[in-house]
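Letter by letter, the chains look like this.
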Amino acid sequence: MGVNKMRIIRARDYKDMSEKAASIIWAQMLLKKNSVLGLATGGTVLGIYEILCEKYKEGELDFSSVKTLNLDEYVGLEGRHPQSYRHYMDKNLFEKVNILKNNTFLPNGLAEDLKRECKDYDETIRQLGPIDLQLLGLGRNGHIGFNEPDDHFEDNTHVRRLNETTIKDNSRFFEMGEEVPKSAITMGIKPIMESKAVLLAVSGVEKAKALKAVLNGPVTPSVPGSILGKHENLIVVADLDALMHVE
């Protein structure tokens, strides 16, 4: 492994963070038309996708040769479920740009054999990868994808029972009384760390402690995102609230 190159890009607020992060993805796509992008879901990256869709509308971006690999999907939700990550990606990005549906990959949360689905997704990552640019958000407990705090790092795609903090955080996206899935299929740490570049987007005071732990270490599976400190090309775009504990 080469020398770590961590760059921290400070943003004023969420809007500024979204614009700065989107510009990095935009640059990647301009440099390599057939980029393999690792994509994330959640509230943090919504603004990034909005800007990428605007750039496409303005004729600045072409997604026709791009391939995407998403981090995760809930177990038990079909792609048309409004809270599935397939639906999230279709609604917020894929259906608004000229990407080919066959070039967009997510785990199948309805697979009858989840272990086989995990192996198949790892094979898809292997065939398409390495990922040129992996976009990540950060959970309050330091998770990346659905790699939750644990006593070890899980290398490969796996089914993960979600931490109560994560379930509570994600419950805001579900209807009142609707059950939040307790498990998800998630990409493991290995393909994330094998990505040519990682773009970590973080916003808000509620993420400040987790971001400090990621940036300052130590590297520990109890803060899964801390492994990013060992990546050779990590770009952190965070707003002032998220950076409040970082010098």
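Above this text is the structure in question.
This is a predicted model, so every value here is computed, not measured.

Moving on to the overall build of the protein. When you go through the protein residue by residue, the secondary structure sums to seven helices and 10 strands. Taken over the C-alpha trace, the protein has a radius of gyration of 17 Å; the compact-globule value for 247 residues is 18 Å, and the two agree within 12%. Its C-alpha atoms put the protein at 45 × 45 × 40 Å along the principal axes. Residues counted as buried form 52% of the 247 residues belonging to the protein. Carbon and sulfur atoms provide 49% of the accessible area of the protein, an area that totals close to 11900 Å². Distance between charge centroids for the protein: 3 Å, based on 32 positive and 36 negative side chains.

When the terminal C-alpha atoms of helix α2 (residues 46-57) are compared, their 17 Å separation across 12 residues agrees well with the 16 Å that a helix rising 1.5 Å per residue should span. Residues of α2 that are buried: G47, I48, Y49, I51, L52 and C53. Phi for G59, located one or two positions after α2, is positive at around 85 degrees.

This model, assessed by the stated rule, comprises 12 salt bridges. A salt bridge links D16 to K20, with the shortest nitrogen-to-oxygen separation between them at 2.8 Å. You can see D16 and its partner K20 sitting in helix α1 (residues 14-31), four residues apart, about one turn around the helix. Note that R126 and E123 form a salt bridge whose closest N and O atoms lie 2.6 Å from each other. Highlighted residues: R126 and E123, both in helix α4 (residues 114-128), separated by three residues, approximately one helical turn. When salt bridges with common partners are traced through the structure, they connect R12, D16 and K20 into a single cluster.

Our next topic: the side chain of N103. Looking at the secondary structure, you find N103 in the loop between α3 (85-92) and β5 (104-105). Take N103: its relative accessible area is 14%, and that puts it in the buried class. Those residues in contact with N103 that lie beyond four places of it in its chain are S64, V66, K67 and T68.

Another point: the nonpolar core. Membership of the largest hydrophobic core comes to 71 residues, with the highest contact counts inside it found for L93, L200 and L211. Broken down by element, this core gets its largest block of residues, six residues, from α1. L93 has contacts with L39, Y49, L52, C53 and F63, leaving out every residue within four places of it along the chain.

Time to look at the sheet that holds strand β8 (residues 183-186). Taken in spatial order, the three strands line up as β4-β8-β7 in an open sheet, and their pairing is antiparallel. Because the sheet does not close on itself, it has two edges, and the strands there are β4 (72-74) and β7 (158-161). Across the sheet, the mean angle from the axis of one strand to that of its neighbour is 30 degrees, orientation sign disregarded. Where β7 meets β8, four bridges bridge the pair, whose relative direction is antiparallel. Bridge pairing in β8 places H158 opposite T186.

On to the pairing of strand β2 (residues 36-39). Residue alternation in β2 divides its side chains into two sets, V36 and G38 and L37 and L39, and both sets are buried. Bridge analysis of β2 against strand β3 (residues 67-70) gives four bridges, and the strand direction is parallel. Counted as the bridge partner of L37 is T68 from β3. Note that the unit made of β2, α2 and β3 has a crossover that is right-handed. Two strands pair when backbone bridges link them, and β2 and strand β6 (residues 133-136) are joined in this way by two bridges, in the parallel orientation. In the strand pairing of β6, G38 is matched with Q134.

You can see E73 is positioned in strand β4. For the buried E73, no salt bridge is present, and the opposite-charge side chain at shortest range is R86, 6.3 Å distant. Engagement of the side chain of E73 in a polar contact is seen with the backbone nitrogen of Y85, the distance being 2.9 Å. In this structure the side chain of E73 is engaged in a polar contact, spanning 3.0 Å, whose partner is the backbone nitrogen of R86. If we ignore the near neighbours within four places in the chain, the residues touching E73 are S84, Y85, R86, L106, P107, G109, A184 and I185.

Two quantities define a packed helix pair, namely the angle between the axes and the distance from one axis to the other. Two elements in contact, α1 and α2, have axes whose closest approach is 8 Å; the angle formed by their N-to-C orientations is 55 degrees. With respect to α2, the axis of α1 lies oblique. Crossing geometry of α1 relative to α2 is assigned as right-handed. Residues Y14, S18, E19, A21, A22, I25 and W26 of α1 lie in contact with α2, whose contacting residues are L46, G47, I48, I51, L52 and K55.

Conventions and cut-offs
- Residues numbered from 1 in each chain as written.
- Predicted model: local features only at pLDDT ≥ 70, side-chain atom pairs only at ≥ 80, totals over all residues.
- Heavy atoms only, no water.
- Helix = DSSP H or I, 4+ residues; strand = E, 2+ residues; numbered from the N terminus.
- Rg over C-alpha atoms; globule rule 2.2 N^0.38 Å.
- Buried < 20%, exposed > 50% of the residue type's maximum accessible area, 1.4 Å probe, protein only.
- Areas by Shrake-Rupley, 256 points an atom, 1.4 Å probe, with all protein chains shown as cover.
- Lys, Arg positive; Asp, Glu negative; His and termini not counted.
- Charge placed at Lys NZ, Arg CZ, Asp CG, Glu CD.
- Expected span 1.5 Å × (residues − 1).
- Salt bridge = Lys/Arg side-chain N within 4 Å of Asp/Glu carboxyl O.
- Contact = heavy atoms within 4.5 Å.
- Core = buried A, V, L, I, M, F, W, Y, C linked by side-chain atoms within 4.5 Å.
- Pairing = 2+ DSSP bridges.
- Axes fitted to C-alpha atoms, helices over the stretch in contact; angles between N-to-C directions.
- Right-handed = clockwise from strand over helix to strand, strands pointing away.
- Polar contact = N/O pair within 3.5 Å; in protein donor to acceptor, adjacent residues only side chain to side chain.
- Parallel < 35°, antiparallel > 145°, perpendicular 65-115°, else oblique.
- Left-handed = near helix turned anticlockwise from the far one by under 90°.

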